[in-house]
Amino acid sequence: MELERFLFLTVDGLARGAVLAVFALSLVLIWRAARIINFSQGAIAMAATYLAFVVTSATGNYWLGLVAALLGGAAIGFVVERGVMRYVSSVNPLNSVIAALGVLLVIQAIIGMLFGNGYHPMQVPFSQSPLPWLAGLSISAYDLFVFACVGFVVIGLAVLFGKTNVGLRMRAAAFSPELARLLGVRSNRMITLGWMLASALSALAALLVVPTELGLNPHSTDAVFVYAFTIAVVGGLDSAPGAVIGGLVVGVLLSWVSGYLGATLSPVAVLVLLLAVLLIKPGGIFSVTKERTA
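Residues numbered from 1 in each chain as written. Predicted model: local features only at pLDDT ≥ 70, side-chain atom pairs only at ≥ 80, totals over all residues. Heavy atoms only, no water.

**Some details on the overall build of the protein**
Our working definition: Strands here mean DSSP runs of E at least two residues long; helices mean DSSP runs of H or I at least four residues long; both are numbered from the N terminus. Note on exposure labels: buried denotes an accessible area under 20% of the residue type's maximum, exposed denotes more than 50%, and partly exposed covers the range between, all computed with a 1.4 Å probe on protein chains only. Contact criterion: two residues are considered in contact whenever any of their non-hydrogen atoms come within 4.5 Å of each other. The protein chains shown are the only cover counted for residues, whose accessible areas, like all others here, come from Shrake-Rupley with a 1.4 Å probe.
Within the protein, the regular secondary structure consists of 12 helices and 0 strands. Element order for the protein, N to C, with α for helix and β for strand: α-α-α-α-α-α-α-α-α-α-α-α. Over its C-alpha atoms, taken along the principal directions, the protein stretches across nearly 60 × 45 × 35 Å. The buried share of the protein, reckoned over its 294 residues, is 46%. Contacts in the protein between residues far apart in sequence, at least 24 positions, make up 74% of those at least 6 positions apart. Approximately 14,300 Å² of the protein is accessible, and the part contributed by carbon and sulfur atoms is 72%.

**Things to note about the nonpolar core**
Soluble globular proteins tend to pack their nonpolar side chains together in the buried interior. Defined as follows: Among buried residues, the Ala, Val, Leu, Ile, Met, Phe, Trp, Tyr and Cys ones that are joined through side-chain atoms within 4.5 Å form a nonpolar core.
Residues F23, I107, V146, L157, W195, L207 and L208 are the most contacted members of the largest nonpolar core, which totals 69 residues. A total of 12 residues in this core trace back to one element, the largest contributor, which is helix α1 (residues 2-34). In contact with I107, other than residues within four places in its own chain, are A43, I44, M46 and A47.

**Digging into the side chain of N217**
By secondary structure assignment, the location of N217 is in the loop between α8 (187-209) and α9 (222-235). Residue class for N217 comes out buried when judged on its relative accessible area of 6%. Residue contacts for N217: discarding those within four places in its chain leaves M46, Y50, N117, G118 and Y119.

**Thoughts on the environment of G247**
The residue G247 is located in helix α10 (residues 240-260) in this model. For G247 and L14, which are 233 residues apart along the polypeptide, the C-alpha to C-alpha distance reads 8.3 Å. Ignoring sequence-local partners within four residues, the contact set of G247 consists of G17, A21 and I231.

**Overview of the packing of aromatic side chains**
Our working definition: The rule is short: rings of Phe, Tyr and Trp, with Trp giving its six-membered ring, pair when the centres are within 6.5 Å, and they are stacked under 30 degrees, edge-to-face over 60, tilted in between.
Per the stated rule, a full pass over the model turns up 11 aromatic pairs. An angle of 45° between the planes, with centres 5.8 Å apart, marks the rings of F39 and F229 as tilted. With a gap of 190 residues between them, F39 in the loop between α1 and α2 (41-59) and F229 in helix α9 connect regions that are remote in the sequence. On the basis of relative accessibility, which here comes to 22%, the residue F39 falls in the partly exposed class. For F229, a relative accessible area of 25% puts it in the partly exposed group. Arranged with centres 5.3 Å apart and planes meeting at 55°, the rings of F126 and F145 form a pair that is tilted. With F126 in the loop between α4 (93-115) and α5 (141-163) and F145 in helix α5, the pair connects residues that are 19 residues apart, well separated along the chain. What makes F126 partly exposed here is its relative accessible area of 35%. Taking relative accessible area as the criterion, F145 reaches 12% and is therefore assigned buried. Members of the aromatic cluster, connected to one another through ring pairs, are Y62, W63, F126, Y142 and F145.

**Overview of the packing of α1 against α9**
Between two packed helices, what matters for the description is the angle formed by their axes and the separation of those axes. What counts is decided by this rule: Simply put, an axis is a line fit to the C-alpha atoms, just over the touching stretch for a helix, and the angle between two N-to-C directions goes from 0 to 180 degrees. An angle counts as roughly parallel when it lies under 35 degrees, as roughly antiparallel when it exceeds 145, as roughly perpendicular when it falls between 65 and 115, and as oblique in every other case. Gly falls in the polar group here, along with every residue not listed as nonpolar (Ala, Val, Leu, Ile, Met, Phe, Trp, Tyr, Cys, Pro) or charged (Asp, Glu, Lys, Arg).
Closest axis-to-axis distance for the α1/α9 pair is 8 Å, and the angle between their directions is 70°. In this view, α1 runs roughly perpendicular relative to α9, as classed from their interaxial angle. Across the interface between the two elements, R16, L20, F23, A24, L27 and V28 of α1 pack against V224, F225, Y227, A228, F229, I231 and A232 of α9. Classifying every residue of the contact of α1 with α9 gives 12 nonpolar, no polar and 1 charged.

**A few points about α9**
This is how the line gets drawn: Here a helix's expected span is defined as the number of its residues, less one, multiplied by 1.5 Å.
Given a rise of 1.5 Å per residue, 14 residues ought to cover 20 Å, and the 20 Å separating the end C-alpha atoms of α9 matches this to within 8%. Three or more residues of α9 are buried, namely V224, F225, Y227, A228, T230, I231, A232, V233, V234 and G235. Just downstream of α9 lies G236, where phi reads positive at about 110°.

**Some words on the packing of α5 against α8**
In contact at an axis separation of 11 Å, α5 and α8 are set at 170° when each is read in the N-to-C sense. The angle between the axes of α5 and α8 places the two elements in the roughly antiparallel class. Touching Y142, F145, V146, C149, V153, L157, L160 and F161 of α5 are L197, L201, L204, L207 and L208, all from α8. Here the contact of α5 with α8 is built from residues that sort into 13 nonpolar, no polar and no charged.

**As for a nonpolar patch on the surface**
Quick note on the threshold: Residues form patches when they are more than 30% accessible in relative terms and have no salt bridge. Like charges link within 9 Å. Nonpolar side chains (Val, Leu, Ile, Met, Phe, Trp, Tyr) link within 5 Å. Here, a salt bridge means any side-chain nitrogen of Lys or Arg that lies within 4 Å of a carboxyl oxygen of Asp or Glu.
A cluster of nonpolar side chains, contributed by L3, F6, W256, Y260, L261, L265, V268 and V272, occupies part of the molecular surface with about 750 Å² of accessible area. At the level of elements, α1, α10 and α11 (266-280) are the ones that each hand at least two residues to the nonpolar patch. The topology assignment puts Y260 in helix α10.

This is how it looks when you write it as structure tokens:
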């Protein structure tokens, strides 16, 4: 029984951690593109998830809702970057933090006025019951769907930034915007594209995790953002692999602590992990800051 419980908690933690890793990747993308911690990322993802909820409720088709969430997230990211963040002075880093928090409050207020503050249940496309042919591992069809989505995202980003001209331009614009402009790269356009991609990723993560929680409400992604931010810091804000590995580690840690010690201690365990990493290696375990600034 103890082994089955351990396997269940581990698989459940990996599934949750995979989703958190996708959300952390969205924070890493924006940081690498614009050197901004986007504290409105959770609200953007939540708004895109509401769009998916509306589309799915109207059509009865989960996949149309998924597409709507991705497109809606990208569109909201475009509006936030072009309409707000582009005009924020970079003289003081605190300016972008305040602007992002303002965007968060505005989005949550608008969603609250339109849909209320109650919880709306959301359906998942596959069963969450353990598959009989994977007895002992407690893996459901929905867990496999989550792992497939995360794998697709990781491989897609690796191909985008390593094999395509657009990805190389985005990396150049993030590394040195002024030099990239001299080489003919439209840095502002690449930064906007980075925001759109990051917002779409966070929308995907929210759509994967919200149905497994209490449901959808204007604050349903607040805790997800906190955990994802912790993962991004632990892994290194410049490191995409760090976000993935950190997400899996934090997900398993949350599951183990919640399963063996109680759910109330889960945030404490994550905080202890964050403090330990900040004390030992403030830049994050997989930080590549030195290489980027050399």
